[in-house]
Amino acid sequence: MFNPLKMAGDLKGMEKMLKPALEKFMQDSGFVKKKDFEDLEKRVADLEKKLNSNSS
């Protein structure tokens, strides 16, 4: 017999197994989290400002 509560538990277990694998795949394939990317963009902009102010 179909038990939706059992199915929900199974899905939670599958999520626990797949999440680390998905995160590893995303890191290995070059995907970046938006927050990390924005932090890096800000750092590059700050470094460019420093370089431009030093060369003037």
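This report concerns the structure included in the present document. (Residues numbered from 1 in each chain as written. Predicted model: local features only at pLDDT ≥ 70, side-chain atom pairs only at ≥ 80, totals over all residues. Heavy atoms only, no water.)

1. Quick notes on the pattern of salt bridges
Thought 1: Here the structure, examined in full by the defined rule, presents 5 salt bridges.
Thought 2: Between Asp10 and Lys6 there is a salt bridge, with its nearest N and O atoms 3.5 Å apart. Of this pair, Asp10 and Lys6 both sit in helix H1 (residues 4–28), separated by 4 residues, roughly a single helical turn.
Thought 3: Owing to a relative accessible area of 53%, Lys6 belongs among the exposed residues under this scheme.
Thought 4: Its salt-bridge partner being Asp39, residue Lys35 comes within 3.1 Å of it at the nearest N-O pair. Of this pair, Lys35 and Asp39 both sit in helix H2 (residues 34–55), 4 residues apart, roughly one helical turn.
Thought 5: Among the residues examined, Lys35 registers a relative accessible area of 52% and is labelled exposed. (Salt bridge = Lys/Arg side-chain N within 4 Å of Asp/Glu carboxyl O. Helix = DSSP H or I, 4+ residues; strand = E, 2+ residues; numbered from the N terminus. Buried < 20%, exposed > 50% of the residue type's maximum accessible area, 1.4 Å probe, protein only.)

2. Remarks on H1
Thought 1: Helix length check: H1 (25 residues) gives 35 Å between terminal C-alpha atoms against 36 Å at 1.5 Å per residue, within 8%.
Thought 2: Bending of H1 peaks at approximately 30° at the position of Leu18, with proline Pro20 no more than four residues after it.
Thought 3: Two residues or fewer past H1, Gly30 is found with a positive phi of approximately 95°. (Expected span 1.5 Å × (residues − 1). Bend = angle between axes of the 7 residues up to and from the residue.)

3. A look at the environment of Phe31
Thought 1: As for its placement among the helices and strands, Phe31 is situated in the loop between H1 and H2.
Thought 2: Residue Phe31 is classed as exposed on the basis of its relative accessible area, which comes to 52%.

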